[in-house]
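What follows is each chain in one-letter form.
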Amino acid sequence: MAIRTILKMGDPRLLAIAAPVRRIPSPELETLLTDMLDTMAAHDGAGLAAVQIGVPLRVVVFGVSCNPRYPEAAPVPLTCLINPVITPLGAATEDAWEGCLSVPGLRGLVPRHAAIHYIGYDAAGRLIDRSVTGFHARVVQHECDHLDGILYPRRLRDLRQFGFVDALTTARPA
Ligand code: NI
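Now for a look at the structure at hand. Residue numbers here run from 1 along each chain, matching the order of that chain's written sequence. Per-residue local features of the predicted model are confined to residues with pLDDT of at least 70, and side-chain atom pairs are confined, for both listing and counting, to 80 or more; whole-chain, interface and lining totals are unaffected and use all residues. Side-chain metrics in this entry use all non-hydrogen atoms of the structure; hydrogen atoms and water are not considered.

**So, the sheet that holds strand S4 (residues 93–98)**
Going by this rule: Strand pairing is defined by DSSP finding a minimum of two bridges between the two strands. Runs of E in the DSSP output that reach at least two residues are strands. Runs of H or I that reach at least four are helices, and both are numbered from the N terminus. To define axes, lines are fitted to C-alpha atoms, for helices over the stretch in contact only, and angles between the resulting N-to-C directions are given on a 0 to 180 degree scale.
Read from one edge of the open sheet, 3 strands run S4-S5-S8, paired in antiparallel fashion. Looking along the sheet, the strands with just one partner apiece sit at the ends: S4 and strand S8 (162–164). The mean angle between the axes of side-by-side strands here comes to 25 degrees, regardless of whether they run parallel or antiparallel. By the bridge criterion, 3 bridges tie strand S5 (residues 106–113) to S8 in an arrangement that is antiparallel.

**What to know about empty space enclosed by the protein**
The following threshold applies: Each cavity reported here is a set of points on a 1 Å grid over the protein atoms alone in which a 1.4 Å probe fits but cannot get out, each pocket an open set with protein on both sides within 12 Å along at least five of seven lines, and each lining residue one with an atom within 4 Å of a point. Grid points are joined across faces, edges and corners, and a volume is the space filled by probe spheres set on the points. Here the term charged refers only to Asp, Glu, Lys and Arg, the term nonpolar to Ala, Val, Leu, Ile, Met, Phe, Trp, Tyr, Cys and Pro, and the term polar to all other amino acids, Gly among them.
Evaluated as defined, the whole model comprises 1 cavity of 30 Å³ or more. Reported here for the largest cavity is a volume of approximately 160 Å³. Contributing to the lining of the largest cavity are 15 residues, with Ala46, Tyr70, Gly99, His142 and Glu143 lying nearest its centre. Of all the elements, helix H2 (residues 134–147) adds the most residues to the lining of the largest cavity, at 6 residues. When grouped by side-chain class, the residues that make up the lining of the largest cavity number 6 nonpolar, 5 polar and 4 charged.

**Comments concerning the environment of Phe162**
As a reminder, the rule being used: Categorising residues by exposure relies on relative accessible area from a 1.4 Å probe, with only protein chains included: less than 20% of the type maximum marks a residue as buried, more than 50% marks it as exposed, and the intermediate range marks it as partly exposed.
Within the fold, Phe162 resides in strand S8. Taking relative accessible area as the criterion, Phe162 reaches 24% and is therefore assigned partly exposed. C-alpha separation for the pair Phe162 and Trp97, spaced 65 residues apart in sequence, amounts to 8.9 Å.

**Overview of the sheet that holds strand S2 (residues 59–64)**
Put simply, the test is: Contact criterion: two residues are considered in contact whenever any of their non-hydrogen atoms come within 4.5 Å of each other.
In space, the 5 strands of this open sheet follow the order S1-S2-S3-S6-S7, with antiparallel pairing throughout. Of all the strands in the sheet, just strand S1 (47–49) and strand S7 (127–133) have a single pairing partner and so form its edges. Across the sheet, the mean angle from the axis of one strand to that of its neighbour is 35 degrees, orientation sign disregarded. Relative to S7, strand S6 (residues 115–121) is paired through 7 bridges, and the arrangement is antiparallel. Looking across to S7, one finds that Tyr118 is bridged to Arg130. The strands touched by helix H1 (residues 27–42) are S1, S2 and strand S3 (76–88); relative to S2, the strand with the most contacts, the crossing angle is about 40 degrees. Relative to the sheet, H2 contacts S1, S2, S3, S6 and S7, its axis offset from that of S2 by approximately 155 degrees.

In structure tokens:
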């Protein structure tokens, strides 16, 4: 178990395109996932990408049961997702407030696909294949953006809907 340092926006490693994992399962992957889950839990995160702890691989973890950072979010199963691929379902988008452990203290109103299909592999190499909506779809899109070097501020449509959590009066977590 290890809680790792989370890179913050401005670190060029957060802008890199992450590489696919070539071998599943592996002891190295197990250790990485354990560290990611420990780090996410320690920061009350809803999700974390490997790139955020400086590991440039296409690995994300996410999950929400009862999260003080997202008190109104619907539950999302705790998931380790490797080499994910997302396909939007339909053209509909929806706006909701997002934060990111690499952008501490801030929230922004981000448009995302309302419904997506995603596939990937779990730590044992089993296929994960889900169609999801709402907060679950949002978290997956946010985390997979990290794998392509995209932080949510690049998705903002209106910079007036972006600010510090303790100053925003309209921001409500998704
Ligand atoms: Ni993030």
